[in-house]
Amino acid sequence: MTITEVLRVAIGFMGLAGAIAIVVYDWRAFRIPDFLSLPAIPVGLMLSGSLLGGASALVADPWHVVAAIGAAGALYLLRVWYDETRGIEAIGLGDVKLAAVAGAWVGPTLLPHVFLVASLSALAYGAAVHAWRSDVLQCRIPFGVFLAPAIWGVWCLADVYG
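Notes on the structure follow. For clarity, every value in this text was computed on a predicted model and none was experimentally measured.

Attention now moves to a nonpolar patch on the surface. Taken together, the side chains of M1, I3, V6, L7, V9 and F13 present a nonpolar region at the surface, about 640 Å² in accessible area. Tracing the chain through its elements places I3 in helix α1 (residues 3-29). Taking relative accessible area as the criterion, I3 reaches 63% and is therefore assigned exposed.

Here's what the structure looks like:
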């Protein structure tokens with residue numbers, strides 16, 4: 001096993017630990033602290049570039065930078081739109097920052113997979129809660145609980161099968 005492979009495995013385990021910490025924190029407080037999400041953005045970008053033996057000749061793959069900015073921008077616009085039309089804050093800034101993490105880690109080609117897995121998981125959770133509670137539409141669902149593991153899972157599968 002090369003040093004690059006060892007580093008990727010170590011970073012993968014740190015990513016798992018970070019995802020678990022985000023799940024626990026967001027589940028309890030409906031908040032994703034910056035100290036858990038923001039450092040993951042440059043780490044994901046470094047994983048995409050040549051610092052850790054990636055295929056790119058750059059420190060970070062420019063498409064991963066675009067994906068990080070695009071994902072965060074799209075979720076931010078959705079946040080603003082929903083707040084303006086419904087008067088309810090439905091998407092927190094922590095989720096917006098976590099979207100940037102997703103783009104940095106998986107890039108533009110796998111980003112839709114992350115959001116698909118996270119959204120379907122959140123919908124399944126909502127359906128399960130609805131089976132017990134009739135006011136599920138009034139319940140808050142912490143999206144980071146589903147987004148963080150989706151990022152890590154898609155990244156791992158892409159690393160294994162890519």
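As for its placement among the helices and strands, V114 is situated in helix α5 (residues 93-132). Along the sequence, V114 and W152 sit 38 residues apart, while their C-alpha atoms lie 8.8 Å from each other. With near-sequence residues (within four places) excluded, V114 lies in contact with A102, V106, L147, A150, I151 and V154.

So, about unusual backbone geometry. Note: most residues except glycine have negative phi, and most peptide bonds are trans. Here the phi dihedral of F30 falls at roughly 55 degrees; this positive angle occurs in a residue that is not glycine. Examined against the element boundaries, F30 turns out to sit in the loop between α1 and α2 (34-37).

Right, let's talk about the environment of G44 for a bit. On the secondary structure map, G44 appears in helix α3 (residues 40-48). With relative accessibility at 0%, the residue G44 sits in the buried group. With 61 residues separating them in the primary sequence, G44 and W105 have C-alpha atoms 4.1 Å apart. With residues near it in sequence (within four places) discarded, G44 still touches A104 and W105.

This brings us to the pattern of salt bridges. Any two side chains of opposite charge can pair, on the condition that their charged atoms come close. On inspection of all chains with the given rule, the structure shows 2 salt bridges. D34 serves as the salt-bridge partner of K97, at 2.6 Å between the closest nitrogen and oxygen. Highlighted residues: K97 in helix α5 and D34 in helix α2, separated in sequence by 63 residues. Residue classification places K97 among the partly exposed residues on the basis of a relative accessible area of 26%. In this structure, the salt-bridge partner of E89 is R79, at a minimum N-O distance of 3.7 Å. A residue pair is termed long-range when its members are at least 10 positions apart, and E89 in the loop between α4 (62-86) and α5 and R79 in helix α4 qualify at 10 residues. Take E89: its relative accessible area is 56%, and that puts it in the exposed class.

This brings us to α3. Considered for burial, the residues of α3 that qualify are A40, I41, G44, L45, L47 and S48. Mapping the buried residues of α3 onto a view down its axis gives an arc of 155 degrees, with all of them on the same face.

Moving on, we come to α4. Taking 1.5 Å per residue as the helical rise, α4 with its 25 residues ought to reach 36 Å, and the 36 Å between its terminal C-alpha atoms agrees with that figure. Looking at the buried residues of α4, the elements they touch are α3 and α5. Where α4 begins, the capping side chain belongs to D61, and its oxygen is found 3.0 Å from the backbone nitrogen of W63. In the segment just after α4, G87 is the residue with positive phi, at about 75 degrees.

Once that is clear, we can look at the packing of α3 against α5. Here α3 crosses α5 at 10 degrees, and the two axes come no closer than 7 Å. With respect to their mutual orientation, α3 and α5 come out roughly parallel. As for how α3 packs across α5, the hand of that crossing is left-handed. Contacts from A40, I41, V43, G44, L45 and L47 of α3 reach α5 at K97, A100, V101, A104 and W105. Here the residues of the contact of α3 with α5 are counted per class, giving 9 nonpolar, 1 polar and 1 charged.

Criteria and cut-off values
Residues take numbers from 1 onward in each chain, read along the sequence in its written order. For this predicted model, a pLDDT threshold of at least 70 governs which residues receive local features, and a threshold of 80 or more governs which side-chain atom pairs are given and counted, while totals over whole chains, interfaces and linings are taken from all residues. In computing side-chain properties, one takes all heavy atoms of the structure into account and sets aside hydrogens as well as water. In this analysis, a patch consists of residues with relative accessible area above 30% that form no salt bridge, clustered at 9 Å for like charges and at 5 Å for the nonpolar side chains Val, Leu, Ile, Met, Phe, Trp and Tyr. Each accessible area value is a Shrake-Rupley result obtained with a 1.4 Å probe; residue values ignore everything except the protein chains displayed when judging cover. Salt bridge, as used here: a side-chain nitrogen of Lys or Arg that lies within 4 Å of a carboxyl oxygen of Asp or Glu. Numbering of helices and strands runs from the N terminus; a helix is a DSSP stretch of H or I covering at least four residues, while a strand is a stretch of E covering at least two. Three labels apply to residues, based on accessible area from a 1.4 Å probe with only protein chains included: buried if under 20% of the type maximum, exposed if over 50%, partly exposed otherwise in between. We call two residues in contact when some of their heavy atoms are within 4.5 Å. The directions considered for the arc are those from the helix axis to the C-beta atoms. The span you would expect from a helix comes to 1.5 Å times its residue count less one. Identification of polar contacts relies on pairs of N or O atoms within 3.5 Å, with a donor-acceptor requirement for protein atoms, meaning one able to donate a hydrogen and the other able to accept it, and with residues adjacent in sequence counted only if both atoms are side-chain atoms. Angles run from 0 to 180 degrees between N-to-C directions of axes, and those axes are lines fitted to C-alpha atoms, restricted for helices to the stretch in contact. Roughly parallel means an angle under 35 degrees; roughly antiparallel means over 145; roughly perpendicular covers 65 to 115; every other angle is labelled oblique. We call a crossing left-handed when the near helix sits turned anticlockwise from the far one by less than a right angle, and right-handed when that turn is clockwise. Lys, Arg, Asp and Glu make up the charged group, whereas Ala, Val, Leu, Ile, Met, Phe, Trp, Tyr, Cys and Pro make up the nonpolar group; the residues left over, Gly among them, are polar.

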